[in-house]
Amino acid sequence: MTSFTREDRGWMARALQLARKGLYSTMPNPRVGCVLVRDGRIVGEGWHIRAGEGHAEVHALAMAGGKARGATAYVTLEPCSHQGRTPPCAQALIDAGVSHVIAAMRDPNPRVDGGGFQRLEQAGITTASGLLEDEAKALNPGFISRMVKQRPLVRCKLAMSLDGRTAMASGESQWITGPDARSDVQLWRARSCAIVTGVGSILQDDSSLTVRPAELRIDEPGLAAEKQPLRVVLDSSLRIPLTAKILHQPGKTLVVTADPDREKQNALQSEGVEVVELPAPEGRVDLAALMALLGQRECNEVLVETGATLTGSFLQAGLLDELLVYMAPVLMGSAARPLFDLPLGNMSDRIPLTMTDVRQIGQDLRLTAVPGEPRW
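Keep in mind that what you see is a predicted model, and the values were worked out from it rather than measured.

Visitor: For this particular structure, what's the right way to read the overall build of the chain?
Guide: Regarding its fold elements, the chain presents 12 helices and 16 strands. Taken against the 2.2 N^0.38 rule, which gives 21 Å for 376 residues, the C-alpha radius of gyration of the chain at 23 Å falls within 12% of a compact globule. Dimensions of the chain, computed from C-alpha atoms along their principal axes, come out at roughly 65 × 45 × 40 Å. Taking all 376 residues of the chain together, the buried fraction comes to 52%. For the chain, the exposed area adds up to about 17,300 Å²; of that, 49% sits on carbon and sulfur atoms.

Here it is in structure tokens:
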């Protein structure tokens, strides 16, 4: 097992800090940072900004120039070894004459997965991996899920009162949480490749489900606001009205159906909306098939924003990877709607969760939990 020094950890921590700059913009590629160090000093650093543009290593090498020769490269992900949208980074490091490459983690992409290290070692460059690996994995959970499970990471956002209610009996739900929590949700939308909702939520709230730049409370909102996530509406029988706001926003909307009305389908398509038919073994869209479809479309992280029924279906199908629950300091009463529609009858049926984070957002709490045990 490779032994890393305190200095190694410091350089990799910087590489991870750089990688986080791509949190909202690299999709469908992973978020990656790179630091080049020679004689105890940084001579080059970079991060991947957008798919189709230079990877982190390329930017770091460009900054270093001739100083890259003999340097150690600290990269948050194994350098790629294949020709994709851009040339292989492993070869770029070889051509620049670096001496060592330390990666936080292997690339789970089957097209790489050790191939980058092999290519470097064949060129006489020593390699090591596993430095701050958990932190690197936490930065790219959706990319890892897509490579390993062939589906995106599914994250569900919910807002509830202190007594666990999400809407009044009438369906009224705006607004349970305060403006700070709603602004925080915008950041989760911005880092997602797709936002999934059910037609019932659209009929009730007529939501747009867009990233709203004015609500992005970060230092550099430009990258987070430059691209809208794919909006996905589950609508088994095409009940969505042609006037729904979600159909007329910047970006693309995908309506997923099971038994389409061809006339309605044609009308939606004439409005520029894509309609896809998926299997419906129980009269509702097969959620596993939907996630497989989104995986094929290179979606890394999916944010589910919908009601108790569909949220419960995702959980029961074993497709929910993370819960974001915003809890407001209000009480909505016993007649209000619950957080999940889960027909559980016994204590033995309960679904265990692991809390991974709790923090205050304005006057509300944001609870983060995963079903079962943490991923890493």
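Visitor: Would you mind showing me how to read the sheet that holds strand E16 (residues 364-371) here?
Guide: The pairing of strands in a sheet happens through backbone hydrogen bonds and is either parallel or antiparallel. Taken together, the 9 strands give an open sheet; going across it, the order is E11-E10-E9-E8-E12-E6-E13-E16-E15, and neighbouring strands pair in mixed fashion. The sheet is open, and its two borders are formed by strand E11 (274-277) and strand E15 (353-361), each paired with just one other strand. Recorded for the sheet is a direction-independent mean angle of 25 degrees between the axes of neighbouring strands. Where strand E13 (residues 322-328) lies against E16, 5 bridges are found, and the strand directions are antiparallel. Bridge pairing in E16 links Tyr 326 to Arg 366. This element, helix H11 (residues 287-296), spans strand E6 (153-161), strand E8 (194-198), strand E9 (230-234), strand E10 (253-257), E11 and strand E12 (301-304) of the sheet and lies at about 160 degrees to E9.

Visitor: How do you make sense of the packing of helix H3 (residues 89-96) against helix H4 (residues 115-122) when you look at a structure like this?
Guide: Each packed pair of helices is defined by two parameters, the angle between the axes and the distance between the axes. One can describe the packing of H3 onto H4 by two numbers: an axis separation of 9 Å at closest approach and a directional angle of 20 degrees. Relative to H4, H3 is oriented roughly parallel. Read as a crossing pair, H3 and H4 show a hand that is right-handed. In this structure, H3 uses Ala 90, Gln 91, Leu 93 and Ile 94 to contact H4, whose residues at the interface are Gly 116, Arg 119 and Leu 120. Across the contact of H3 with H4, the residue classes break down as 4 nonpolar, 2 polar and 1 charged.

Visitor: So what exactly am I meant to see when it comes to the side chain of Asp 321 here?
Guide: By secondary structure assignment, the location of Asp 321 is in the loop between helix H12 (308-316) and E13. A residue is classified by how much of its surface remains accessible, and Asp 321, at 10% relative accessible area, is buried. One polar contact links Asp 321 to Arg 151, side chain to side chain, over a distance of 2.9 Å. Among the polar contacts listed, one links the side chain of Asp 321 to the backbone nitrogen of Val 154, at a separation of 2.8 Å.

Visitor: What's the story with the nonpolar core in this structure? I'm lost.
Guide: Where a protein is soluble and globular, its nonpolar side chains tend to be buried together. In terms of nonpolar packing, the biggest core is built from 45 residues, with Met 12, Leu 36 and Val 101 touching the most fellow members. With near-sequence residues (within four places) excluded, Val 101 lies in contact with Ala 73, Val 75, Pro 79, Leu 93, Leu 120, Ile 125, Thr 126, Thr 127 and Ala 128. By size, the runner-up hydrophobic cluster in this structure holds 36 residues, among which are Ala 258, Leu 293, Phe 314 and Leu 323.

Visitor: Sorry, what's going on with a nonpolar patch on the surface here?
Guide: The grouping of Leu 344, Ile 351 and Leu 353 at the surface amounts to a nonpolar patch, some 230 Å² of accessible area in total. Note that Leu 353 resides in strand E15.

Visitor: Is there a simple way to explain the packing of helix H2 (residues 56-64) against H3 in this structure?
Guide: The N-to-C vectors of H2 and H3 enclose an angle of 20 degrees; their axes lie 9 Å apart at closest approach. Relative to H3, the element H2 lies roughly parallel. Between H2 and H3 lies a crossing whose hand is left-handed. Taken together, the residues of H3 that come into contact with H2 (itself represented by Glu 57, Val 58 and Leu 61) are Cys 89, Ala 92, Leu 93 and Ala 96.

Visitor: I tried to follow the environment of Arg 262 on my own but got confused; where do I start?
Guide: Topologically, Arg 262 is positioned in helix H10 (residues 262-270). Each C-alpha atom, one on Arg 262 and one on Leu 238, is 9.4 Å from the other, the two residues being 24 residues apart in sequence. Side-chain polar atoms of Arg 262 contact the side chain of Gln 265, separated by 2.7 Å. Here the side chain of Arg 262 touches Glu 277 through a polar contact of 3.3 Å, side chain to side chain.

Thresholds, definitions, all that
- Just so you know, the residues in each chain are numbered from 1, in the order the chain's sequence is written.
- Note on the predicted model: pLDDT of at least 70 is required for a residue's local features to be given, and 80 or more for side-chain atom pairs to be given and counted; whole-chain, interface and lining totals, by contrast, use all residues.
- Side-chain measures here rest on the full set of heavy atoms in the structure, leaving out hydrogens and waters.
- Helix numbers and strand numbers start at the N terminus; a helix is a DSSP run of H or I with at least 4 residues, a strand a run of E with at least 2.
- Here the globule rule is a power law, 2.2 Å times the number of residues to the power 0.38, and the radius of gyration is based on C-alpha atoms.
- Only protein chains enter the calculation, and the probe is 1.4 Å; a residue is then buried if its accessible area is under 20% of its type maximum, exposed if over 50%, and partly exposed in between.
- The Shrake-Rupley method, run with a 1.4 Å probe, gives the accessible areas here. Residue values count only the displayed protein chains as cover.
- Only strands joined by at least two bridges in the DSSP assignment are considered to pair.
- Interaxial angles span 0 to 180 degrees and are taken between N-to-C directions of axes, which are lines fitted to C-alpha atoms, for helices over the stretch in contact.
- Any two residues whose heavy atoms approach within 4.5 Å are treated as being in contact.
- Oblique is the label for any angle not under 35 degrees, not over 145, and not in the 65 to 115 range, which are roughly parallel, roughly antiparallel and roughly perpendicular in turn.
- Crossings are sorted by hand: turned counterclockwise from the far helix by less than a right angle, the near helix makes the crossing left-handed, and turned clockwise it makes it right-handed.
- Here the nonpolar group is Ala, Val, Leu, Ile, Met, Phe, Trp, Tyr, Cys and Pro; Asp, Glu, Lys and Arg are the charged ones; every other residue, Gly included, is treated as polar.
- Contacts described as polar in this section are N or O atom pairs within 3.5 Å, which, within protein, must combine one atom able to donate a hydrogen with one able to accept it, while residues neighboring in sequence count only if both atoms come from side chains.
- We define a nonpolar core as any set of buried Ala, Val, Leu, Ile, Met, Phe, Trp, Tyr and Cys residues linked to one another through side-chain atoms lying within 4.5 Å.
- Within the patch definition used here, like charges are joined within 9 Å and nonpolar side chains (Val, Leu, Ile, Met, Phe, Trp, Tyr) within 5 Å, considering only residues with over 30% relative accessible area and no salt bridge.
- Whenever a carboxyl oxygen of Asp or Glu lies within 4 Å of a side-chain nitrogen of Lys or Arg, that contact is scored as a salt bridge.

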